[in-house]
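The residues making up each chain are set out below.
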Amino acid sequence: MEQIHAGLAARDLAPAEHLVDGGYTSPATIHRAKTEYGIELIGPVRLAPTTRAPPGFNKEDFHPNWEEKTLTCPNGATSPPWKPTLADGQPRLSVLFPRAACWACEDRLKCTGNVDGKGRHILLLPQPLQEIQNRVREEQQSTPWRERYAMRAGCEATVCETVCAHGLRHCRYRGIAKTHVQHVLVAAGANVIRLSQHRPADHPSGQTTRFQNLCQQKAL
């Protein structure tokens, strides 16, 4: 995706929006697409883990103070300043609430998930990424966001059709050049099939169009 964005931007063809599936969306990719190419990357972001039984608190329920580097829980307890750390090789902010503050909380078991009295531990993303994650996780649960993202259904349907009906992922030939030709022919065939199924609005129902007749003749 990075190469696609760079290539489009180099030709002054970068889109205002790019709808992608969840395999391409993360706070980091959304932030990079916006800051480097001015592209709003739209796609679902992975939801918070659901290991805690409701009404336990997710990370989005806590309120960060980016100036003081502290985090306040929904019940009003504030953490000491967080510490920089790494998770999966990426920068994170480690927040550990005091044991005493969590021990006195009525929601401790539902929030921390432990029985030994430890304080709640949360890993935050750097500020711009954490804000993106919180925003997108909230937006993608709304009807307007889902209606906007529904435009991608055409892409998903095309992928499904070419893979399941025309064997796009099974190469019939050796070599990249021949495989590319196969892909082009599969795409052209899918377009012909769709055109053959299209019926103009003013065409009488129950009658085949001239193009449909032509496709039937070629099929024979």
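Note that the structure is a prediction, hence the values are computed from the model and not measured.

What counts and how
- Residues numbered from 1 in each chain as written.
- Predicted model: local features only at pLDDT ≥ 70, side-chain atom pairs only at ≥ 80, totals over all residues.
- Heavy atoms only, no water.
- Helix = DSSP H or I, 4+ residues; strand = E, 2+ residues; numbered from the N terminus.
- Buried < 20%, exposed > 50% of the residue type's maximum accessible area, 1.4 Å probe, protein only.
- Contact = heavy atoms within 4.5 Å.
- Areas by Shrake-Rupley, 256 points an atom, 1.4 Å probe, with all protein chains shown as cover.
- 1 Å grid on protein atoms, 1.4 Å probe; cavity = no way out; pocket = protein on both sides within 12 Å on 5 of 7 lines; lining within 4 Å.
- Points joined across faces, edges and corners; volume = space filled by probe spheres on them.
- Nonpolar A, V, L, I, M, F, W, Y, C, P; charged D, E, K, R; others polar.
- Axes fitted to C-alpha atoms, helices over the stretch in contact; angles between N-to-C directions.
- Parallel < 35°, antiparallel > 145°, perpendicular 65-115°, else oblique.
- Polar contact = N/O pair within 3.5 Å; in protein donor to acceptor, adjacent residues only side chain to side chain.

1. Focus on the overall build of the protein
- What the protein contains, in helices and strands, is nine helices and seven strands.
- Each of the 220 residues in the protein was classed as buried or not, and the buried ones make up 29%.
- Sequence separation of at least 24 residues holds for 46% of the intrachain contacts in the protein that already meet a minimum separation of 6.
- When the accessible surface of the protein is summed, it comes to about 14,900 Å², and 57% of that surface belongs to carbon and sulfur atoms.

2. Regarding the layout of surface pockets
- As a volume, the largest pocket reaches approximately 950 Å³.
- The wall of the largest pocket is formed by 31 residues, among which Arg 46, Lys 59, Arg 92, Leu 125 and Gln 133 lie closest to the centre.
- Broken down by secondary-structure element, the contributors of at least two residues to the lining of the largest pocket are α2 (27–37), β6 (90–96), α4 (108–112), β7 (121–124) and α5 (127–139).
- The residue inventory of the lining of the largest pocket, partitioned by class, reads 15 nonpolar, nine polar and seven charged.

3. Focus on the packing of helix α7 (residues 153–165) against helix α8 (residues 176–197)
- Direction vectors running N to C along α7 and α8 enclose 110°, while the axes themselves pass 10 Å from each other. Here α8 runs roughly perpendicular to α7, going by the angle between their axes. For the pair formed by α7 and α8, the contact residues are Ala 157, Thr 158, Glu 161 and Thr 162 on the first element and Val 186, Ala 190, Ile 193 and Arg 194 on the second.

4. A word on unusual backbone geometry
- Located in the positive-phi region is Asp 12, a residue other than glycine, with phi close to 60°.
- The backbone of Lys 69 shows a phi angle near 60°, a positive value even though the residue is not glycine.
- Structurally, Lys 69 is set in the loop between β3 (63–65) and β4 (70–72).
- A residue is classified by how much of its surface remains accessible, and Lys 69, at 45% relative accessible area, is partly exposed.

5. Here's the deal with the environment of Gln 130
- Of note, Gln 130 is situated in helix α5.
- Remark: the alpha-carbon pair of Gln 130 and Lys 59, spanning 71 residues in sequence, is separated by 9.9 Å.
- Leave out the neighbours within four places in its chain, and Gln 130 touches Lys 59, Trp 66, Leu 124 and Leu 125.
- In this structure the side chain of Gln 130 is engaged in a polar contact, spanning 3.2 Å, whose partner is the side chain of Gln 133.
- A polar contact is formed between the side chain of Gln 130 and the side chain of Asn 134, at a distance of 2.9 Å.

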